[in-house]
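# Structural description and commentary
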Amino acid sequence: MPEPTVTRIHDATGSHIEPPLDPAWDDAAKLAWHAAVIAHDTGVTIQVHHHSNGRYGICIGDMNAGGQTIVGGHTYQSAWEFVGAVGIGAEAATRARGGQP
């Protein structure tokens, strides 16, 4: 599944992601968008793979940059939560090192 391109737009009231999540997208496209947002905001490479049995696999990291963790067998909901948890962990690690997410 191709990675969508997302951008965080900053304005006087805060920020938002473009394009926004479209409720009409299928679940695989929604998960790919969610992973792209987390990757954009944290710098962590995340890919979501939709399998024919309705399950999703998630690859974290870049194989060319030293390794990749692959976790599979997720339902749509558990994949969404897992990707979000990766983002929370990446932001916490960045703050612990004294940086900004």
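The structure contained in this document is the topic of the report that follows. Computed from a prediction, not measured in an experiment: that's the story for all the values here.

## Section: the side chain of K30
- Topologically, K30 is positioned in helix α1 (residues 27-42).
- Of the side chains with opposite charge, D27 lies nearest to the buried K30, which makes no salt bridge, at 4.2 Å.
- Discounting chain neighbours no more than four positions away, the residues touching K30 are L21, D22, P23, W25, Y76 and W80.

## What to know about the environment of D41
- Checked against the element boundaries, D41 lands in helix α1.
- Considering only alpha carbons, one finds D41 and R8, 33 residues apart in sequence, at a separation of 8.1 Å.

## Looking at the packing of aromatic side chains
- All told, the structure shown has one aromatic pair when counted by the stated rule.
- Centroid distance Y76 to W80: 6.1 Å. Interplanar angle 45 degrees. Geometry classified as tilted. Of this pair, Y76 and W80 both sit in helix α2 (residues 76-96), four residues apart, which is roughly one turn of that helix.
- For W80, a relative accessible area of 23% translates into the label partly exposed.

Rules behind the numbers
Residues numbered from 1 in each chain as written. Predicted model: local features only at pLDDT ≥ 70, side-chain atom pairs only at ≥ 80, totals over all residues. Heavy atoms only, no water. Helix = DSSP H or I, 4+ residues; strand = E, 2+ residues; numbered from the N terminus. Buried < 20%, exposed > 50% of the residue type's maximum accessible area, 1.4 Å probe, protein only. Lys, Arg positive; Asp, Glu negative; His and termini not counted. Salt bridge = Lys/Arg side-chain N within 4 Å of Asp/Glu carboxyl O. Contact = heavy atoms within 4.5 Å. Phe/Tyr/Trp six-rings, centres within 6.5 Å; stacked < 30°, edge-to-face > 60°.

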